[in-house]
Amino acid sequence: MTETQANFPDLKDRTVLITGGGSGIGAALVEGFVQQGAKVAFIDIAEEPSKALAARLSAQSAHPVAFYHADLRDVGTVKSTVAAVESDLGAIRVLVNNAAWDDRHEIDTTTEEYWDNNQAINLKQVFFVSQAAAPGMRAAGGGAIINFSSIVFKMNPPHLSAYATAKAGVIGLTKSLAGRFGPENIRVNAVLPGMVVTERQMERWLTEESIAKTIERQCLKHVLKAADLVGPTLFLASNSAGSITAQSIIVDGGIF
Ligand SMILES: NC(=O)c1ccc[n+]([C@@H]2O[C@H](COP(=O)([O-])OP(=O)(O)OC[C@H]3O[C@@H](n4cnc5c(N)ncnc54)[C@H](O)[C@@H]3O)[C@@H](O)[C@H]2O)c1
């Protein structure tokens, strides 16, 4: 794990919204922005771990960490939750679209309902959260949106067709939003993690053997942890990346 010691003074007191901030990479991002002195809000569907995280970090934060319980698949809920964040913390200047659901499925048995649900969490909400946050960013003079994609869509994954489709879509969406919002000083970039070993990944998909196989493919021979995504995300959110937009940064230890 690489710990970030970076300090981005312009992130201090900035309103930051992170989707899926209750666990895994999202929770590390919430903590990373808190350490910069930002006003951090996060949305998650998982209530208990999110409440615990917000309580733990609020105790060490310059600003209380605000958790909003919401299901991002519902566009009406997205709109009302973003409006609540703005009303409580002011215009969102940094948006990190991190929430996702990396479920595996068989092509032969995939239903229309499954497909639509998968796109709703992995792609559709990324557009609608961005749409909801953009007017406030624009009125405040600009901002940064960071969308979480994945390297997996480049790897021909046999059981992830819906997720891989959505994650490739996130790249297209990133470039389109960057084109539309650039004149308004809103930068939009994507981050593509490789294999990041989180508690959930260990519970659901990873084994010691599969981890070893991936490390073999990486140039860097260490296991990537959630904290490894914090530095690149802070950088893209900060004024240090002020001329970077419409880009994708791969954080995979050197598989691609
Ligand atoms: N972990 C990895 O190896 C890896 C690899 C490549 C890309 N990524 C991407 O990085 C991001 C974070 O990955 P992670 O492994 O921490 O993900 P995760 O699945 O562990 O966490 C995602 C968070 O989103 C929340 N969430 C899920 N559905 C929701 C909904 N309908 N409404 C609101 N919140 C919801 C979950 O409760 C969870 O807290 C994701 O976009 C993922 O696709 C992760």
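Let us look at the structure shown here. (Residues numbered from 1 in each chain as written. Predicted model: local features only at pLDDT ≥ 70, side-chain atom pairs only at ≥ 80, totals over all residues. Heavy atoms only, no water.)

**Brief notes about the overall build of the chain**
Quick reminder of the rule: By definition, any uninterrupted DSSP run of H or I lasting at least four residues is a helix, any uninterrupted run of E lasting at least two residues is a strand, and each is numbered from the N terminus. Buried, partly exposed and exposed residues are distinguished by accessible area as a fraction of the type maximum, computed with a 1.4 Å probe on protein chains only: under 20%, between the cut-offs, and over 50%, respectively. Residues count as neighbours in contact if any of their non-hydrogen atoms are within 4.5 Å of one another. Note that accessible areas follow from Shrake-Rupley with a 1.4 Å probe, and for residues the cover is restricted to the protein chains shown. By the counting scheme adopted, Arg and Lys are positive, Glu and Asp are negative, and His together with the chain ends is not counted. Note that the charge is assigned to NZ on lysines, CZ on arginines, CG on aspartates and CD on glutamates.
A tally of helices and strands in the chain yields 8 helices and 7 strands. In terms of principal-axis extent, the alpha carbons of the chain reach across some 45 × 40 × 40 Å. Split into buried and exposed, the 256 residues of the chain put 52% on the buried side. Partitioning the intrachain contacts of the chain with sequence separation of at least 6 by distance along the chain shows that 74% fall at a separation of at least 24. Taken as a whole, the chain presents about 11400 Å² of accessible surface, with 54% of it coming from carbon and sulfur. Treating the 22 positive side-chain charges of the chain as one cloud and the 26 negative ones as another, the clouds have centres 7 Å apart.

**Some thoughts on the pattern of salt bridges**
Pairing is possible between side chains of opposite charge, provided their charged atoms come close. To be explicit about the condition: A side-chain nitrogen of Lys or Arg and a carboxyl oxygen of Asp or Glu constitute a salt bridge if their distance falls within 4 Å.
Following the criterion strictly, the structure yields 9 salt bridges and no others. For Arg 204, the salt bridge is made with Asp 103, and the minimal N-O distance between the two is 4.0 Å. Taken as a pair, Arg 204 in helix 6 (residues 199-204) and Asp 103 in the loop between strand 4 (94-97) and helix 4 (112-139) lie far apart in primary sequence, 101 residues in all. For Asp 103, a relative accessible area of 10% puts it in the buried group. The partner of Glu 184 in a salt bridge is Arg 138, with the nearest N and O atoms 2.8 Å apart. Taken together, the residues span a long stretch of sequence, with Glu 184 in the loop between helix 5 (161-181) and strand 6 (186-193) and Arg 138 in helix 4 at a distance of 46 residues.

**Remarks on helix 7 (residues 208-217)**
Since one α-helical turn is 3.6 residues long, residues separated by three or four positions face the same way. For clarity, the cut-off: Think of the arc as the fan of directions from the helix axis to the C-beta atoms.
Turning to helix 7, its buried residues number three or more, namely Ile 211, Thr 214 and Ile 215. Projected onto a plane normal to the axis of helix 7, the buried residues spread over an arc of 100 degrees and lie on a single side. Seen from the buried face of helix 7, the exposed residues on the opposite side, beyond 90 degrees, are Glu 209, Lys 213, Glu 216 and Arg 217. Looking at the buried positions of helix 7, the neighbouring elements they touch are helix 6.

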